[in-house]
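Analysis of the macromolecular model
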Amino acid sequence: MLKRIEELEIKYEELTQLLTQEQVIKNQTEFQRIAKERSGLEEIITALREFRKVSNDLESTRSLLDSEDRELREVAREEMSGLERRKNELELIMKLLVLPKDPRDNRDIIMEIRAGAGGEEAALFAGTLFRMYNKYAEKGGMQLEVLSGNTTGLGGFKEVIFGLKGKSVYSRFKFESGVHRVQRVPTTEASGRIHTSTVTVAVMPEAEEVEVEINLQDLKIDVCRSSGAGGQNVNKLETAVRITHLPTGLVVSCQDERSQLQNKLRAMKILRARLLEKKQAEEHEKMSREKKQQLGSGDRSEKIRTYNFPQSRLTDHRIGLSLFNLPQILEGDLDELFESLIKAEQEEKLKEFSINTQGREK
């Protein structure tokens, strides 16, 4: 591992030198590209250099254990304890930093929440999940924009699609894709029986135009009058847009905005994200089953979590985690859950990294 990081240090120094060259300084595009690449290495290089210093200090302190001065030996033992602890911390930090990063982690996202089995109760829980993510986004300073919604009479959602912008949004929300199961007594249930319903969540990194090329000839665009709440605009102007991507059969509809152009732009944004997700899913399918990570494939059909209201319990089935503070979680207190999922992913990557490293050494 150290050899690999030392190679990164050489690269870091080369990039530092490039930033001082006149021709690079004059070319701002190139300057920014190099500065960004160098910035990405800064954290691990800082950790490496502190690791070296701590290791040297540890060796120097260890030599004091042979001193004839008893007090000096005691002081040395105390210092060594702290230095060894810090050395181990830095070693773990470097291992985590050297792991391959998901290039999508810094992306903004588009999320889709759809009611599954359970009728109106599933739609109500879809609304509960949307509110939970909205609360978390507000606390984290993220920007949430509803792109499309299909509400029910009782205030639930048959479907809601929204965008989330902020720092490293995808890195935190990517574990939410899959089937969310709820067990509770529905408000529509007179006998007080516990019902089980499901909601499907999809998390897609926002796609850039260069990543997904859409040929306009492959699109069938229909416009129609909006339905539902919307004042005088409803049923008078054809502002609702439905786009069908003919090669894949994907269909996106938007009607929430008052202008046809705005609805079309939103629909194209969703379509682009879905096409990227489809492309990535096909690539993922090519991977051998052994290489799929412990947290699962992120497939929409995979049951990932249960929300048990009678026991105030949330259970994430992928990592065997149970939390007994469901009311707080539904108010957007998701930090413990997300951190546990991130830690589980890191542990799985570390395990794979260790196996691969041992294999190369052999």
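Description of unusual backbone geometry
Unusually for a residue other than glycine, Ser168 sits at a positive phi of about 50 degrees. Tracing the sequence through the fold places Ser168 in the loop between strand 3 (157-165) and helix 6 (169-173). Judged by its relative accessible area of 19%, Ser168 is buried. We note that Ser312 has phi near 50 degrees; this positive angle belongs to a residue other than glycine. With respect to the helices and strands, the residue Ser312 is situated in the loop between strand 9 (303-308) and strand 10 (313-316).

Structural notes on the side chain of Glu112
Within the secondary structure layout, Glu112 lies in strand 1 (residues 109-115). One polar contact links Glu112 to Arg114, side chain to side chain, over a distance of 2.6 Å.

Re the pattern of salt bridges
Opposite charge on two side chains allows them to pair when their charged atoms are near. Within the structure shown, the criterion is met by 35 salt bridges. Salt-bridge contacts for Glu206 lead to Lys269; the nearest nitrogen and oxygen are separated by 3.4 Å. Here the residue Glu206 occupies a position in the loop between strand 5 (195-205) and strand 6 (219-224), and Lys269 occupies one in helix 7 (residues 260-286), the gap between them amounting to 63 residues. Judged by its relative accessible area of 23%, Lys269 is partly exposed.

Examining the sheet that holds strand 7 (residues 240-245)
Spatial ordering of the open sheet is given by 6-7-8, a layout of three strands whose pairing is antiparallel. For this open sheet the edge positions go to strand 6 and strand 8 (250-254), each flanked by a neighbour on one side alone. When the angles between neighbouring strand axes are averaged without regard to direction, this sheet yields 15 degrees. For strand 7 and strand 8, the ladder comprises five bridges, and the chain directions are antiparallel. Among the inter-strand pairings, Ile243 is bridged to a residue of strand 8, identified as Val252.

Brief notes about the pairing of strand 5
Of the strand pairs in this sheet, strand 1 and strand 5 are connected by seven bridges, and their pairing is antiparallel. Bridge assignment links Ile113 to a residue of strand 5, and that residue is Val201. The pairing of strand 4 (residues 178-184) with strand 5 spans seven bridges and is classified as antiparallel. Counted as the bridge partner of Val182 is Ser197 from strand 5.

Some thoughts on the packing of aromatic side chains
Tallied over the entire structure, the rule returns seven aromatic pairs. Judged by centre distance (5.7 Å) and plane angle (70 degrees), the rings of Tyr136 and Phe173 are edge-to-face. One end of the pair, Tyr136, is in helix 5 (residues 120-139); the other, Phe173, is in helix 6, and 37 residues separate them in sequence. Both residues of the pair, Tyr136 and Phe173, belong to the buried class. Among the aromatic residues, those joined into a ring-pair cluster are Tyr133, Tyr136, Phe173 and Phe338. Lying across the ring of Phe309, Arg184 places its NZ or CZ 4.9 Å from the centre.

Considering the nonpolar core
Among the nonpolar cores identified, the biggest contains 36 residues, and Met111, Ile113, Leu129, Tyr133, Leu164, Phe173 and Tyr307 are the most heavily contacted of them. For this core, the secondary structure elements donating two or more residues are strand 1, helix 5, strand 3, helix 6, strand 5, strand 11 (321-323), helix 8 (326-330) and helix 9 (335-361). It is helix 5 that provides the largest number of residues to this core, a total of eight residues. Core analysis: the second largest hydrophobic core is formed by 20 residues, Leu19, Leu41, Ile44 and Ile45 among them.

Observations regarding the sheet that holds strand 4
The strand order across the open sheet built from eight strands is 2-3-1-5-4-9-10-11, with neighbouring strands paired in mixed fashion. The open sheet has two edge strands with one neighbour each: strand 2 (143-151) and strand 11. When strand polarity is set aside, the average angle formed by the axes of neighbouring strands in this sheet is 15 degrees.

Considerations on the environment of Glu13
Residue position: Glu13 is located in helix 1 (residues 2-18). Overall, Glu13 belongs to the partly exposed group, its relative accessible area being 34%. Remark: the alpha-carbon pair of Glu13 and Arg38, spanning 25 residues in sequence, is separated by 8.7 Å. Polar side-chain contacts of Glu13 include one of 2.5 Å to the side chain of Arg49.

Considerations on the pairing of strand 3
Remember that side chains alternate between the two faces of the sheet whenever the strand is regular. Within strand 3, seven of the nine residues are buried, leaving the element largely enclosed by the surrounding structure. Alignment of strand 1 against strand 3, held across six bridges, turns out to be antiparallel. Looking at strand 3, one finds that Ile113 is bridged to Val160. By the bridge criterion, eight bridges tie strand 2 to strand 3 in an arrangement that is antiparallel. Looking at the pairing, Gln143 lines up with Lys165 of strand 3. Connecting strand 2 to the next strand, strand 3, in antiparallel fashion are five residues, including Gly155 with a positive phi near 95 degrees.

The rules behind these values
- Per chain, residue numbering runs from 1 following the sequence as it is written.
- In keeping with the model being predicted, local features are shown solely for residues with a pLDDT of at least 70 and side-chain atom pairs are shown and tallied solely at 80 or more, while totals for entire chains, interfaces and linings include all residues.
- The basis for every side-chain value is the complete set of heavy atoms in the structure, and neither hydrogens nor water enter the calculation.
- Comment: elements are numbered from the N terminus, with helices defined as DSSP H or I runs of at least four residues and strands as E runs of at least two.
- With a 1.4 Å probe rolled over the protein chains alone, any residue whose accessible area is under 20% of its type maximum counts as buried; one over 50% counts as exposed, and the rest are partly exposed.
- Identification of polar contacts relies on pairs of N or O atoms within 3.5 Å, with a donor-acceptor requirement for protein atoms, meaning one able to donate a hydrogen and the other able to accept it, and with residues adjacent in sequence counted only if both atoms are side-chain atoms.
- Counted as salt bridges are all cases of a side-chain nitrogen of Lys or Arg within 4 Å of a carboxyl oxygen of Asp or Glu.
- When DSSP finds two or more bridges between a pair of strands, those strands are recorded as paired.
- Every axis in this analysis is a line fitted to C-alpha atoms, fitted for helices over the stretch in contact. Angles between the N-to-C directions lie between 0 and 180 degrees.
- Classification of ring pairs rests on two measures: the distance between centres of Phe, Tyr or Trp rings, Trp counted by its six-membered ring, which must be within 6.5 Å, and the angle between planes, read as stacked under 30 degrees, edge-to-face over 60 and tilted in between.
- Comment: the charge-over-ring label is applied if NZ (Lys) or CZ (Arg) is within 6 Å of the ring centre and within 35 degrees of the ring normal.
- Definition used in this section: a nonpolar core is a set of buried Ala, Val, Leu, Ile, Met, Phe, Trp, Tyr and Cys residues joined via side-chain atoms within 4.5 Å.

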